[in-house]
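Reading the structure
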Amino acid sequence: MKHQLITMICLILTACGGGGEGDAVNENSNILGTSATTATTENETATETAVQTDTMTDLTISPTFDLSSKVLLYVDVDINMGNPRAYINICLKGEDNKADYSECLLRSSLVESKLNSDIMLANSAVELVAEIWFYDGQHEPMRYFWHFDASQESQRFAIR
């Protein structure tokens, strides 16, 4: 489209006659001015089109979705093992179904094999792994899994 317009302008200017060197400079400046105007008009049209399709009224949102990017997770641990020295890691689930230690959200000691805590999660943390480790080395580490349940009003990770 641009090339056709520039070609037509060149033909019209050439047909009207040539002139000296001064006229050639004016022809070039007219061509450039016309091209710039055309390009600006095309950009404005593209911008208007993009704005018209990306408005808030175009969004379809479930009435139950509150647009929050955070989830509060209540952690309730009671492994009922007395008072062995133990600690817990709660981390994002890795690809091998084990805890991704580079993405841990809670690390804490258990007191009398219990812990109650809250964790604020991002919406991307939909699967977690809790691992309970014992200092004595006589017990194998215990592993528990949690995943986000959209049907629940509040999220809870209960380890029993």
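Our subject is the structure that appears above.
What comes next concerns the included structure.

**Remarks on the overall build of the protein chain**
Within the protein chain, the secondary structure is distributed over two helices and seven strands. Counting from the amino terminus, the protein chain carries its helices and strands in the arrangement α-α-β-β-β-β-β-β-β. Expressed as a percentage of its 160 residues, the buried residues of the protein chain come to 22%. Element-wise, carbon and sulfur atoms account for 53% of the exposed surface of the protein chain, whose accessible area totals about 11500 Å².

**A closer look at the side chain of E131**
By the secondary structure assignment, E131 is in strand β5 (residues 127-134). The class for E131 is buried, based on a relative accessible area of 1%. One polar contact links E131 to W133, side chain to side chain, over a distance of 3.4 Å. Other than its neighbours up to four places away in sequence, E131 contacts Y87, I88, N89, K98, A99, Y101, M142 and R143.

**A word on the pattern of salt bridges**
Scanning the model with the defined rule gives five salt bridges in all. A salt bridge links R156 to D76; the shortest N-O distance between them is 2.5 Å. Remark: D76 occurs in strand β1 (residues 70-78) and R156 occurs in strand β7 (residues 155-159); sequence separation between them is 80 residues. In this structure R156 comes out as partly exposed when scored by relative accessible area, which is 46%. Among the ionic pairs, R160 bridges to D78, the shortest N-O distance being 4.0 Å. Here the residue R160 occupies a position in the segment after β7, and D78 occupies one in strand β1, the gap between them amounting to 82 residues. Residue class for D78 comes out partly exposed when judged on its relative accessible area of 22%. When salt bridges that share partners are traced, they join D76, D78, R156 and R160 into one network.

**Remarks on the sheet that holds strand β2 (residues 86-93)**
Taken in spatial order, the four strands of this open sheet run β3-β2-β5-β6, and their pairing is antiparallel. Here the strands that pair on one side only, and so sit at the sheet edges, are β3 (99-110) and β6 (142-147). Each strand axis lies, on average, 25° off the axis of its neighbour in the sheet, ignoring direction. Pairing of β5 with β6, which is carried by six bridges, proceeds in the antiparallel orientation. The residue of β6 that forms the bridge with I132 is M142.

**Observations regarding the packing of aromatic side chains**
Evaluated as defined, the whole model comprises two aromatic pairs. When the ring centre of Y135 is taken as reference, the NZ or CZ atom of R85 above it lies at 4.2 Å.

**Some points on the environment of F65**
Position of F65 among the secondary structure elements: in the loop between α2 (21-53) and β1. Classification of F65 as partly exposed rests on a relative accessible area of 44%. Residues F65 and A150 lie 85 residues apart in sequence; the distance between their C-alpha atoms is 9.8 Å.

Thresholds applied
- Residues numbered from 1 in each chain as written.
- Predicted model: local features only at pLDDT ≥ 70, side-chain atom pairs only at ≥ 80, totals over all residues.
- Heavy atoms only, no water.
- Helix = DSSP H or I, 4+ residues; strand = E, 2+ residues; numbered from the N terminus.
- Buried < 20%, exposed > 50% of the residue type's maximum accessible area, 1.4 Å probe, protein only.
- Areas by Shrake-Rupley, 256 points an atom, 1.4 Å probe, with all protein chains shown as cover.
- Polar contact = N/O pair within 3.5 Å; in protein donor to acceptor, adjacent residues only side chain to side chain.
- Contact = heavy atoms within 4.5 Å.
- Salt bridge = Lys/Arg side-chain N within 4 Å of Asp/Glu carboxyl O.
- Pairing = 2+ DSSP bridges.
- Axes fitted to C-alpha atoms, helices over the stretch in contact; angles between N-to-C directions.
- Phe/Tyr/Trp six-rings, centres within 6.5 Å; stacked < 30°, edge-to-face > 60°.
- Lys NZ or Arg CZ within 6 Å of the ring centre and 35° of its normal.

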